[in-house]
Each structure stands twice: as structure tokens, then as C-alpha cells.
Number of protein chains: 2
Amino acid sequence: MTVTSPDTTAVGGRPVVPSRGKLRPLGQDEVRITGGFWRTRQDLNATASLPHARSWMDKLGWTGNFTGSDATPAHRRGREFTDSEVYKLLEAMSWEVGRGAAAPDALRAQIAELTSAIAAAQAPDGYLHTAFGRPGQPDRYSDLLWGHELYCTGHLLQAAVARARTGGGDADPLLAVARRAADHVCEAFGPDGTPAVCGHPEIELGLVELARVTGEQRYLDQAALFVERRGHRTLPRHHFGWSYFSDDEPVRESTVLHGHAVRALYLAAAAVDVAVETGDDELLRTVAAQFDRALARRTYLTGGMGSRHTDESFGDDFALPADRAYSETCAGVAAIMLAWRLLLATGDGRYDEVIERILYNVVATAIGDDGRSFFYAHTLHQRTPTAALSEDEEQLGFGGGPRAPWFEVSCCLPNAARLLAGLSCYLVTVEDTGLRLHQYADSEVSTRLVDGREVGLRVRSGLPEDGTVTVRVTKTDDQPWSITLRVPQWAVGAQLVTTHGRRQVPVGDIVVYRAFAVDEEIRLELPTRPRFTAPDPRIDATRGCVAVERGPLVYCAEAVGEDAVDLDTLRVDDTVPPVDAADGVEVRARFDAPGPDSWPYGPPERRTPNSRATTALRLVPYHRWARGGPSTMRVWLPTT
Amino acid sequence: MTVTSPDTTAVGGRPVVPSRGKLRPLGQDEVRITGGFWRTRQDLNATASLPHARSWMDKLGWTGNFTGSDATPAHRRGREFTDSEVYKLLEAMSWEVGRGAAAPDALRAQIAELTSAIAAAQAPDGYLHTAFGRPGQPDRYSDLLWGHELYCTGHLLQAAVARARTGGGDADPLLAVARRAADHVCEAFGPDGTPAVCGHPEIELGLVELARVTGEQRYLDQAALFVERRGHRTLPRHHFGWSYFSDDEPVRESTVLHGHAVRALYLAAAAVDVAVETGDDELLRTVAAQFDRALARRTYLTGGMGSRHTDESFGDDFALPADRAYSETCAGVAAIMLAWRLLLATGDGRYDEVIERILYNVVATAIGDDGRSFFYAHTLHQRTPTAALSEDEEQLGFGGGPRAPWFEVSCCLPNAARLLAGLSCYLVTVEDTGLRLHQYADSEVSTRLVDGREVGLRVRSGLPEDGTVTVRVTKTDDQPWSITLRVPQWAVGAQLVTTHGRRQVPVGDIVVYRAFAVDEEIRLELPTRPRFTAPDPRIDATRGCVAVERGPLVYCAEAVGEDAVDLDTLRVDDTVPPVDAADGVEVRARFDAPGPDSWPYGPPERRTPNSRATTALRLVPYHRWARGGPSTMRVWLPTT
């Protein structure tokens, strides 16, 4: 059965509102995170990250670039894509308003102020970008490869959609700006316009959602046109190759996600949107297969994607080095966007698994305890101690290094911020006979079933530390409906406790279907015993290693401070299962005596392990690493 | 004892002529390669690579950039460093003349023609670079970070030195250009000039050698000044970090080679030159220790250096991924330059080992069978088949991919060409009591001992395939002298056969000291049984793997064509030693059934090896890979 969503901007904030699909997403006014692991992060996002991002964008002049449309900023500042950061911030602020910000008026005032500046910078014909087209600037669309003009417009559209769905409504001034910008894009690049694409996909996502908000078929058509137009090498030749720009082969002909990870994931997400809105099941299946293969062969244990620093790209199949893992924060956000769209379209619970993995091990890892520093890339192996960074120093470029207050390329913080602010929307959906729970967090749910009956839940979750999840019915009638609970793949041996008793349940979706009573509780007990995990033997970089996971968390060995152990010589005894310990997990390990500092290759017989005694080694959740001073770290642990 | 070299330009071509050191290098007029593995490559270099490089440099306008000094080329073409490629080519042509070119007059005519063009492009004050300082061009030295001006000058000086040493003598016009350029550099950057350095070391090497040729102390002083000036972060900030530019810490304070591999190696080689000429033993020891540590922790099995694509840099200790190994051809050439200088200074045979390794496994690998295609980077693991390239298409940028006819950044071919043309100089040196043989090739040696006595040798070598080396005395008197033979580290169980009989000899240097007779022969039998080699366990990327070596050669598994095996699932039985086979080496191997195409991480018990039967798998020398069409390849072989 297919659930049709009510398609209206009035429904409280929802990032994605497909007009059809297996599942109907809930809005921010239907599900709210009330406490626990993710609420802490949402609050930090609101109180620290959003103001931090705003102050850096002001300080670096990125907001100041939005001056009157006929005036070139005296010194336009920042890279070509900085407009998009302001838009991402606006989107995050909008979801924050939708979430029920502590001081919504102040946020709305900021949104209004930025909206005014942006509106003033828009040309009469709708074109809007601060780095092109004005006197003294390069011509519009003169650098489609790197100019990021349509990319920025896409983020503008997404921001406007968020604003429209979180109180702005149809009359929101940012939505008006977005419509004018989208109309211009349709003129310039429509069937009668330039048959070109932008070097960075993103406009496609914005156009589909704007079509959903406004009902304008033209925007959807334009998105579909861009998706089909990609892959024909209309962009100029560059040494990164066309694959970097998602322009090497048509979406429909590709078998795996490849090239620049964020570009590839944004395009795939947009292709799903187009497929869903046009009823193109073949395109949907094609993209799903690309993602499947990327998950099987090109994804880190953390769910992170993209293994090459050089071009921020997916590597070859099974080329997943732990040291210098790239796994950009934005690729994590983008993979969640893709997985969520596929989940809504297909109802396949596999997508929940990867969303959970990325949330706990990429998104939660990205943001510093202060909310004012963040990882751009997520290595799984830090060989030399991370450096301490100054709080007011921008990092040039992007890439490696510890959490930094800001990067020259600072997409990751506002990207994570918009996801976190709207995170409640990823917890629960409406399916044919009831509600389906995808991710567990302390939350309140109040919505209507497909048939319009009002239902409500209160969820309590000890995750990620404790696997007890309690779902209490807070609103129901006397007719039956279903509550579908997800037993994650890691929760082998889970128990379900209902008024009918306790039973063991398999991994996958568990449907509890009956007439519930108010205050009735369902309890899911998910085992969180720490476990060893081994990689596919085709992954060369982690051969002979195990990782430790516990519940949804990946763990790591971290060496901090003066007396830090040498993680280069670590060997874990994988015959002794890991156990819970104070503030972490313990494994049995020894540290080999390092070999002589000489030519490091020789007869195998020279390489016999020594017989040092093993000791207990404490591991910590990966998302906690690099929070206590310079350290070395490794996720994959060589075995004895 | 220290041998003092006769310091004169008249002595037949020698790339490096230290004024003191443990060993005295021979010139091209003293040692000549007459046949075998390296002669084939020298001839190919002369007949194919040099004309090929010249034709590309003409076609791309790099030679044409040298126009009159007051005229800006109408459209200056190529990157900022293309001048240096013309200089490297000139240097290679000069050594080719010195080697005894088949058509020396034609080569000399080309040299004269290029020299005229270069001389015409030199400004009256000696400045010489085609991309800066003329009307419409950026100012001189306005971009020290990326401008490569002093870098290019360094190569000009090296070319002029080569020319002076291969027939040009003191009056060579290119030498005159170089002197004026060097004088200008000393003015501009001397003690009273700008206290700055170039973003790419190289000028230092050129200045020392020019000092050696001309006897000008000023050039040596300037080289020393540049070496000392580095590491103080006088270059602008860049997201690659100061380490990339060899400007993050003073040479004297560094403990390991780091940053951009070619930059680091050129600077280290120049520091050795300065240390030797100034008698600075502390500096010499410091650089030697940096190289030792790089060899122990940052060098591939092939001797290749540099593991990161992003910035062509050394990675962290033990970060040596086989897939996407960078190992630039130029870093191989540069490491030989450094090792050779350290060898001459210290007499330590360890340096011979690494020179041999790089020659057979990087340099020999770099150049295609046609002499008209070359590798820039040397991966040790090709996961997806290499693509076929068009013969007349320049590769943008640099980095990955198969051997290409040309790259936008085409340093590697002319760099290898200058090494190959002068290769005979790396075979033999004069030491206190006689001659010392470092590398074996079919060759004729005729020189004088320290005390002036004339001696001669004829060497025959079956290497790399066959380990029999014969040294016949062709000239001697009746007084004793020594012939020192190197038994490579891989040649355990070597036998020495002399007129006094046969005996087993250990690895290292074997001295045969006596009064030889003309036609007396010494035979060295070096076992070349194929062997397994294991990596230091701290190298994560190759854990659980072995490589196969035979003599000086690294071997690889290569899968070519339609029925190619899947090297992702290869497992080698390392309990069965590799054996010689027709056209290669054989190991016992099986191919595992690949796991399901699903999430690639799971419980270790799921990852049990299957029990397929092993079969024979043929391996080929690494230098032969990618010569027979698109293929996959791996050097490191997972064990069963």
C-alpha cells in the first residue's frame, strides 16, 4: 500500500515531503525530542552552534556579501560557495524555530534580517549570487565547473522551503525570493535555455522540494531535466575527471555511487525525489542499487562515505583506509538525506540501519563539546597526536586535523546544524495500519493515522548506552492499530515486553497490532553487549583487525596525554570478548615491542610476535574521541 | 680515509662531484654501460624518450616560451614550472652526449639551439624565467610560494653543469647563462637581499654544483644560506601547511623527511652537498638520520617515497597504503640523488641497497616499452583495470592512471631521462685502496686509483634475472689493489669464485685485495631464489600479506584481459615457497568466494575462509606491469 501525504506547507516542519511513498513522514509539530542523547545535541546546536556559525559568517564577510543587486561588494569575501553557507544557516534556523526554539522571536528577527539582505541582492530577473554577474565580477554562469551558482540557489530553495514549513507559509518573503530564483533557473536552463549543469548538484533537491511546497510543476520538470542532463560531460575537462562533478555517466546508467561523495549523494537523493514524484520506479530501483553497492563496498564502519582526500571522493570498491579516512561530515548528512528518501519511498528498514550508524558515529562525532568546533573529515585512525587549535583561527581549506572552530570551506557545521534542528522528523513515520518507529529517542509523538484517527506516543530510550526503549501510548481510540518497532541488526536476542508478556524477537521490524489502551507500555530490551566486528576480507586496509561495537556505537582506542600507549604496536586478543567497563568497554590487549628502526620489509620468519602479557585496554565511543586534548586513536585493532 | 676528488669541469660527465668524501665518483668517460638491462633502457631513453619529450615541449609551447627577454611571449603556455622541464631535458641531452650518443652532433645542435633561445630570454641583470617580470606578467618573485622561479633556476644550473662536464667546458654558453642567473640570485637573495626562499627547493642543488664547477665560493655560500633559511615559515600560509614547502622547521631540527616528497628529498640532498663542502658533519649526520627514519617508516617496498595523493607528501610513519600508493617517479629520482650523495660522503653500503631498489622497481617501472609513456605515480595495487590512453592526449594534472604520453605536470619523464643518461656514474667509485662496485651492469671501467695507477675492469651481470656477476681485470700493474664487491642484502648464501677458489660470502662488502693479473676474473654468484617478504607489523595497510621478491625485483600479481582473475579475493599460501617459473615466479594461491554484497562488517565468525583448492599463480616483475593492456595488479598478497 502507498501512503499519500497531505501536501501542504502548513504542516509543521518536515524536511522532505514526498507526494507518495510507503511511509508518511511526521512534522516537527507531530514529533518532538524531549530529552536524552539527541536532545542534548539539539540544544547545544541551538545555543552554541547556530550563533557560532552566524558570528563567523559575519566576521568573514559571508553575510556582508549580500548587498544591493546592482552593487558589487567592495571586497567580496570568501570562496564561491559561501552564499550557500548563509542559506544552510537560514535553513537550520528555520528548523530550529519549527523545533520550538527557546527564543523564537530573536531567531525570527535574524531570519528576517538575513532574508532582507538576500532579497536586496537578488537581480530583477531573479538571478542571485554574490560572486558573479555584477560590475567587476565574472559573468553569470561563466564558470559552471567551480562557480557553484546553481548549487547555492539549491540551498536557497531548501532554506525557503524550511521557512515556509516552519511558520512562514506561502507568504514568506524568503519563499518569494526562492520562487523568483527558481523561475530564473528554469528560464536560463530550461528546455529552451542553456543545456548545462552545475559543477555541484544541489539545485535539483531544492527544485523538487520547492515544487512540493508551491505545487509548481515547472520546478519538478526542471529538476528532472537536470538529473537527466547529468553524465553527458557537458562540463569542461578537469584533472579530477568528470566523475568528480557527477557528469561522467548518466544517473540511469551508473551502478554505484562514485566521484565526489557529497555531489554523488546529493544527486542520488534528488534522483529519488524525481523518481518518486514522476512515478519512475526504474530510476528509483537504479539509485537504490547504486546505494546498496556503495554500502556494501564503499562505506566505513561508521557509515561514513568518501575515502579520498584528494578529491573528497568515493574510492574504488573496498578501498577504505582507516588512516586518512575522509568520511566528510557533509557526506554523512547527504547519505542520511538519501537513505531517508529511499526509506520513505520503499519502507525498507535497511535504510534505518545506516541512518542510525551515521547519526551516532559521524554526526555525533562531528560536533565538539562546546558546539563551536567541528570535524570536516573523520579519520578512523589518528597516528600522530591531533594538534590543539586556536579558537579564533580559521583552518585553511578543509580536510584533516582536529575539530576546528571554522574552515575556509565551512559547509559541515551548518549542514549538521540543519539536520540536528530537524532531527525529530527522522524518528517516526505513519504507515498503512499505524506508526512505525525508526530511531529511538526520548520523544513525544502526536499525529493522525492514515485513516485520520488521532494517536500519541511517549518514547523513552536509553540509547546509545542502554538498550531499553519504552513506548507508552498517550492517545488512542478503542480500535486496533499498529506500532512497528525496529530491532536493529546489532540487537540479536532482543526481548519485547508487552501486557501480553515477554518474548524474544528477531532483528528487523516487530509489529504490535491491537487496540491499545492509554498508558499501555511496550518495552523493547535491546542487548548492548559489546561485540567484535570483522571487516569483509576484501577490505585490505583493515585485514587482520577487529573493531568493537556496542549497540549503535563504534568504539575506538584512544591514547591521550604524556603516558599515552603506543597504538602502533597494539594487539588485541580477539578470543576474549570485550566487556563493559567503567566509562567504556574493555578488551584484552598487549603492546608488541616495536621492531628495529631499519628497513621494514624482510623474511616473514623475522616477524614473529613476541609473548608480552596482555592487559586490559579501555575503549571509548568513537564519537567521544579527540575531546580531551591531543591524542592518537584507532578504530580497527590488530589482533594477536 | 677521505678521498679528495680532482675538481675540474674537464673530467667526463659526473652528476655530482663533491670536493671531499669517502668515495670518488667516476665520470662517464671512465665507466660505460655496454649491454644488458640498463643499456636497453639507456638506448630507449636516447632514441625515444628524449625526442618524445622535446616534441611535446615544442607542441605545448614550453620551449617557445623562451623569447627575447623584453618580449612577453604572446601567449605564454603551460604552468609556472615548465621552464624547468626544458632545463631537465637539456641536462638529459648533455649526459646523453657524455654517454656517447649515437648522433652527438644532432644532439649538440639541439642543445645549442635551446641554449640560444634561453640566453635570449635572460634579462640583462641575469634574471631568467618566462612567466614573471615582463610586461603584462606578474612581478618577479611576487609568488614565491608557487612561482617556481628559483626552482627553475636550479634546474638551469644543473643543466649548465652537465653541459660543462660533458664537453662544454668552462666556455660553454649555457654555463655563462647559468653564472649570470646565479649571480642574480646571489644579489637578490644574498645576505643583503630578500631573506626569502622558494616554494620548491632545487636552487640549492644547482648552486652547490655550480660552485664545484666554477670554484665560486659565493654560490656555495648562497646555497648554504638557503638551506639555513628554510623552516622559518617565511613563505605565506597555505592549507597544505608549511611542511609541504619544506618551510615548517629548520633542516637541522628535523628528525624525519616529511612534507612534499620531492621537495623534501631535493632539500635533503642539497643539505648533504652543503655539509660536505663546508665540513659540517653535524648537518650530514642530521640528514642521514632523517633519511634513515624515512627508510624505516615511510618507504614502500619498491623504494618509492611519498604516500599521499593530495599533496604528494610523505605520510605519517607506517602509513603506506598499497592502493593509491603515490611514490612519484621524481621522488624516486630524488631519493637516488640523496642516497648517492650520502654514499659518496660516508661510504655506507646501505645507500646502495636503496638505490638498487629504486632503480629496478621505480625507475624501470616508470617508462613504457615504447619510451614514450610514463608513470607519474606508482601504485602498488590497481583495483580497477587501468584505462587505455590515447597517444596524443596530455593528461591533466598529475597523479593516478596508467603510463601516459604526457602530463600537464610532466616532470617525471625528463627527470628519469637525466638519471638514465648518466646512469653509468652510479656503478663504481674509487675508494682508498681500489675500486668499489655498487651496482652491477655490463660495463667497461677505466680509471685511476687514488695513487694514480691506471686500472680497468669489464663487468658482466645477468641481473636482474640472473645473479651471476663477472668482473674481469682489463688493466692493472703488478702492485696490489682492491676490488670491493657488494653482496646485496637479498643475496644470502652468495658465492665468490676467484682464482683462489670458491667460498661463501656474507652480505655486505667483500674486498678482494691483491696484485691482479690482466684477464683475471672474479665471479660473484648471487642467489636469486624467489622469496616471500613480510612487512613491519606497524604498517597497517599490508597486514596479513606477503610480497614476493627475487633478486632486486619486487614481483606482483597482474590480471589482464577478459578472463582475468579477481585479485580482490586472492589468497596466497605462504607455507609453500615461491618458485621460478616460465616468464615469472609462481606461488600457490586460491581465490575465495566473495562474500555477499551486503553490509561488509559483521561478527568475526562469519568471516571464515572457505576451503577452495589452491592453484599456481604466476607473478611478474613489478616493472613489467601495465604493459599488456588494461589490468588489475597487486604487490601485497593476502595470505591464507
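Since the model is a prediction, treat every value here as computed from it, not as a measurement.

A.B. asks: What is the right way to look at the overall build of chain A in this model?
C.D. replies: The secondary structure content of chain A amounts to twelve helices and 23 strands. Over its C-alpha atoms chain A spans a radius of gyration of 25 Å, differing by no more than 12% from the 26 Å that the globule rule assigns to 640 residues. In terms of overall dimensions, chain A has C-alpha extents of about 75 × 70 × 45 Å along its principal axes. With 640 residues in all, chain A has 64% of them scored as buried.

A.B. asks: What am I meant to see in helix α3 (residues 104–121) of chain B here?
C.D. replies: Because each turn of an α-helix spans 3.6 residues, side chains separated by three or four positions in sequence point in the same direction. Residue and element names in this part refer to chain B. With 18 residues, α3 ought to run about 26 Å at 1.5 Å a step, and its terminal C-alpha atoms sit 26 Å apart, in line with that. Of all the residues in α3, the buried ones are Leu-107, Ile-111, Leu-114, Thr-115, Ile-118 and Ala-121. The arc that holds the buried residues of α3, viewed along the axis, is 115°, so those residues lie on one side. Here the buried face of α3 lies against α1 (36–59), α2 (82–99), α4 (149–168) and α5 (173–189).

A.B. asks: Got a minute to help me understand the pairing of strand β6 (residues 442–448) of chain A in this structure?
C.D. replies: Looking along a regular strand, one sees side chains alternate from face to face of the sheet. Residue and element names in this part refer to chain A. Pairing between strand β2 (residues 31–35) and β6: four bridges, direction antiparallel. Counterpart to Gly-35 in the pairing with β6 is Asp-442. As paired elements, β6 and strand β7 (residues 454–461) share six bridges and run antiparallel to each other. Note that in β7 the partner of Ser-446 across the bridge is Gly-456. As consecutive antiparallel partners, β6 and β7 are separated by five residues, and within that stretch Gly-452 has a phi angle of approximately 95°, a positive value.

A.B. asks: Even after reading the chapter, I still don't get the sheet that holds strand β5 (residues 434–437) of chain A, so can you show me in this structure?
C.D. replies: By definition, the strands of a sheet pair up through backbone hydrogen bonds, in either a parallel or an antiparallel sense. Residues and elements named next belong to chain A. Sheet architecture is open: five strands sit in the order β1-β4-β5-β9-β12, paired in mixed fashion. Strand pairing shows two members of the sheet lacking a second neighbour, β1 (24–25) and β12 (508–515), which therefore form its edges. Bridge count for strand β9 (residues 480–487) against β12 is eight bridges, and the pairing is antiparallel. By the bridge assignment for β12, Val-487 is matched with Gly-508.

A.B. asks: Help me out: how do you make sense of the interface of chain B and chain A in this one?
C.D. replies: A common measure of how large an interface is: the accessible area buried when the components associate. Between chain B and chain A, the contact holds 60 residues from the first and 60 residues from the second. The three residues of chain B that bury the most area against chain A are Arg-543, Trp-599 and Tyr-601 of chain B, which together make up 14% of that side's buried surface. Where chain B packs against chain A, one counts six salt bridges. Measuring nitrogen to oxygen at the nearest pair gives 2.8 Å for the salt bridge that ties Arg-383 of chain B to Asp-540 of chain A. Where the side of chain B that touches chain A is concerned, the elements lending two or more residues are α9 (281–297), β14 (531–535), β15 (545–550) and β20 (601–602) of chain B. Tallying contributions element by element places β14 of chain B first for the side of chain B that touches chain A, with four residues. Where strand β20 (residues 601–602) of chain A and β14 of chain B come together, two bridges link them in antiparallel fashion. Pairing of Gly-602 of chain A across the sheet is with Ala-534 of chain B, part of β14 of chain B.

A.B. asks: Just checking my understanding: could you explain the pattern of salt bridges for this structure?
C.D. replies: Two side chains that carry opposite charge are able to pair once their charged atoms sit near each other. Tallied over the full model, the rule gives 120 salt bridges over all chains. Two residues, Glu-444 of chain A and Arg-460 of chain A, come together in a salt bridge whose shortest N-O distance is 3.7 Å. Placement of Glu-444 of chain A in strand β6 and of Arg-460 of chain A in strand β7 is noted, with a sequence separation of 16 residues between them. Residue class for Glu-444 of chain A comes out partly exposed when judged on its relative accessible area of 25%. A residue is classified by how much of its surface remains accessible, and Arg-460 of chain A, at 34% relative accessible area, is partly exposed. Its salt-bridge partner being Arg-590 of chain B, residue Asp-592 of chain B comes within 2.7 Å of it at the nearest N-O pair. With a relative accessible area of 8%, Arg-590 of chain B lands in the buried category. Where salt bridges share partners, they join Arg-165, Glu-209, Arg-212, Asp-273, Glu-277 and Arg-341 of chain A into one cluster.

A.B. asks: Explain the environment of Asp-509 of chain B to me, please; I cannot follow it from the model alone.
C.D. replies: Along the chain, the position of Asp-509 of chain B falls in strand β12 (residues 508–515). In terms of polar contacts, Asp-509 of chain B uses its side chain to reach the side chain of Arg-436 of chain B, at 3.2 Å.

A.B. asks: Any chance you could explain the relation of the copies chain B and chain A here in plain terms?
C.D. replies: Mapping between the two copies of the chain is achieved by a rotation about an axis and a shift along the axis. Placing chain B over chain A gives an RMSD of 0.0 Å and needs a rotation angle of 180°, together with 0.0 Å of translation along the axis. Those values place the two copies in the arrangement expected of a two-fold rotation axis. The overlap is high: 100% of the interface residues of chain B also sit at the interface in chain A, so the same surface is used on both sides.

Cut-offs applied
- Residues numbered from 1 in each chain as written.
- Chains lettered and ligands numbered in written order.
- Predicted model: local features only at pLDDT ≥ 70, side-chain atom pairs only at ≥ 80, totals over all residues.
- Heavy atoms only, no water.
- Helix = DSSP H or I, 4+ residues; strand = E, 2+ residues; numbered from the N terminus.
- Rg over C-alpha atoms; globule rule 2.2 N^0.38 Å.
- Buried < 20%, exposed > 50% of the residue type's maximum accessible area, 1.4 Å probe, protein only.
- Expected span 1.5 Å × (residues − 1).
- Arc of directions from axis to C-beta.
- Contact = heavy atoms within 4.5 Å.
- Pairing = 2+ DSSP bridges.
- Buried area = accessible area lost by both parts, 1.4 Å probe.
- Salt bridge = Lys/Arg side-chain N within 4 Å of Asp/Glu carboxyl O.
- Polar contact = N/O pair within 3.5 Å; in protein donor to acceptor, adjacent residues only side chain to side chain.
- Least-squares fit on C-alpha atoms with pLDDT ≥ 70 in both.

Any functional reading would require information that these geometric values do not contain.
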